[in-house]
Amino acid sequence: MNQPANIVAITILDKDYRIVCPPQEQDDLKAAARWLDRQMRDIKQTGKVTGNERIAVMAALNMAHDLFTAEQRIASLEQQLKTHVQRLDDKLQAVLENQ
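Heads up: these notes are all about the structure in this document. (Residues numbered from 1 in each chain as written. Predicted model: local features only at pLDDT ≥ 70, side-chain atom pairs only at ≥ 80, totals over all residues. Heavy atoms only, no water.)

## Some remarks on the packing of helix H1 (residues 26-46) against helix H2 (residues 52-97)
For clarity, the threshold we go by: Between N-to-C directions, angles span 0 to 180 degrees; the directions come from axes that are lines fitted to C-alpha atoms, helices contributing only their stretch in contact. Under the DSSP-based scheme used, a helix requires at least four consecutive residues in state H or I and a strand at least two consecutive residues in state E, with every element numbered from the N terminus. Each helix crossing is assigned a hand: it is left-handed if the near helix lies turned anticlockwise from the far helix by less than a right angle, otherwise right-handed if that turn is clockwise. Contacts are assigned to residue pairs with any non-hydrogen atoms lying within 4.5 Å of each other. Residue polarity follows a fixed list, in which Ala, Val, Leu, Ile, Met, Phe, Trp, Tyr, Cys and Pro are nonpolar, Asp, Glu, Lys and Arg are charged, and the others, Gly among them, are polar.
Interhelical geometry of H1 versus H2 gives an angle of 115 degrees and a closest axis separation of 9 Å. The handedness of the crossing between H1 and H2 is right-handed. Residues Trp35, Leu36, Met40, Ile43 and Lys44 of H1 form the contact with H2, whose participating residues are Asn52, Ile55, Ala56, Met58, Ala59, Asn62 and Met63. Looking at the contact of H1 with H2, its residues break down into nine nonpolar, two polar and one charged.

## So, the pattern of salt bridges
Keep this limit in mind: Salt bridges are defined by distance alone: a side-chain nitrogen of Lys or Arg within 4 Å of a carboxyl oxygen of Asp or Glu. The buried label goes to any residue with under 20% of its type's maximum accessible area, the exposed label to any with over 50%, and the partly exposed label to all in between, with areas taken from a 1.4 Å probe on protein chains only.
Evaluated as defined, the whole model comprises two salt bridges. Across the pair Arg41 and Asp37 runs a salt bridge, and its minimum N-O distance is 2.9 Å. In this pair, Arg41 and Asp37 both sit in helix H1, four residues apart, roughly one turn of the helix. On the basis of relative accessibility, which here comes to 14%, the residue Asp37 falls in the buried class. Linked through salt bridges whose partners overlap, the residues forming this network are Asp14, Asp37 and Arg41.

## Considerations on the side chain of Gln26
Tracing the backbone through its elements, the reader meets Gln26 in helix H1. Judged by relative accessible area, which is 16%, Gln26 ranks as buried. Among all residues touching Gln26, those that are not within four sequence positions of it are Asn6, Val8 and Cys21.

This is the structure we're talking about:
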């Protein structure tokens with residue numbers, strides 16, 4: 001049964017946010033908030049980007065790039081796995097046919 005959502009307090013760049021979140025996702029939300037806060041602080045510390053909105057956009061772009069790259073890598077690995085499984089299946093079929 002689904003549990004009712006709770007309000008979770010998180011802080012990003014010293015600004016507090018209250019987010020409605022199901023209890024089973026609270027730990028992940030807090031971890032994501034900590035990670036985002038760390039990413040934004042790293043960008044801010046470079047001194048090359050000013051303003052929280054610009055810092056947030058840069059963090060979002062970095063995260064989107066990481067996600068895009070990871071998805072491409074996963075797709076490549078899936079294709080490699082399919083090819084490998086097909087080769088194994090072909091070998092197995094050949095062995096079974098020769099018995």
